[in-house]
Amino acid sequence: MASLTPLTREELRDILGDEPEDLFLERIAATGATIDEVSEALNRLEAEESGDELDRTPSSAIVVEVAAILDEAMAPNSALDAEDAGYASR
């Protein structure tokens, strides 16, 4: 049976580990996402990264929102990348 209980920031930290900053965990928690929705979002991101075709549309708008937040959380920091490349503002 699917869980209908929204995850807390602390539960998200247990699931996602130390990588996402607290701000991203708070944003995901604010969506009211359940464990099933977070799992689906993670699976969709992994499939996209590996180039696999997705068999179906997301089961909810929350899955889409959580996937977008996770994608943003895992993206490299563009300001740091610019600085590393020598493009920092002077």
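Up top is the structure.
Residues numbered from 1 in each chain as written. Predicted model: local features only at pLDDT ≥ 70, side-chain atom pairs only at ≥ 80, totals over all residues. Heavy atoms only, no water.

Engineer: Now, about helix H2 (residues 22-30): what can you tell me, with residues and values included?
Structural biologist: Every buried residue of H2 is listed here: Phe24, Leu25 and Ile28. In an axial view of H2, the angular spread of the buried residues amounts to 100°, which keeps them on one side of the axis. More than 90 degrees from the buried face of H2, the exposed residues found are Leu23 and Ala30. Contacts made by the buried residues of H2 are with helix H1 (9-16), helix H3 (35-50) and helix H4 (61-74). Backbone geometry just after H2 places Gly32 at a positive phi near 80°. (Buried < 20%, exposed > 50% of the residue type's maximum accessible area, 1.4 Å probe, protein only. Helix = DSSP H or I, 4+ residues; strand = E, 2+ residues; numbered from the N terminus. Arc of directions from axis to C-beta. Contact = heavy atoms within 4.5 Å.)

Engineer: Now, about H3: what can you tell me, with residues and values included?
Structural biologist: In this model H3 runs 22 Å from its N-terminal to its C-terminal C-alpha over 16 residues, within 8% of the 22 Å that 1.5 Å per residue would give. The complete set of buried residues in H3 reads Glu37, Val38, Glu40, Ala41, Leu42, Arg44, Leu45 and Ala47. Along its buried surface, H3 packs onto H1, H2 and H4. (Expected span 1.5 Å × (residues − 1).)

Engineer: Could you give an account of the packing of H3 against H4, with specific residues and numbers?
Structural biologist: Viewed as axis vectors pointing N to C, H3 and H4 meet at an angle of 55°, and their least axial separation amounts to 8 Å. With respect to H4, the element H3 is oriented oblique. Where H3 crosses over H4, the handedness of that crossing is right-handed. Together, Glu37, Val38, Glu40, Ala41, Leu42, Arg44 and Leu45 of H3 and Ile62, Val63, Val66, Ala67, Leu70, Asp71 and Met74 of H4 make up the contact between the two elements. The residue inventory of the contact of H3 with H4, partitioned by class, reads 10 nonpolar, no polar and four charged. (Axes fitted to C-alpha atoms, helices over the stretch in contact; angles between N-to-C directions. Parallel < 35°, antiparallel > 145°, perpendicular 65-115°, else oblique. Left-handed = near helix turned anticlockwise from the far one by under 90°. Nonpolar A, V, L, I, M, F, W, Y, C, P; charged D, E, K, R; others polar.)

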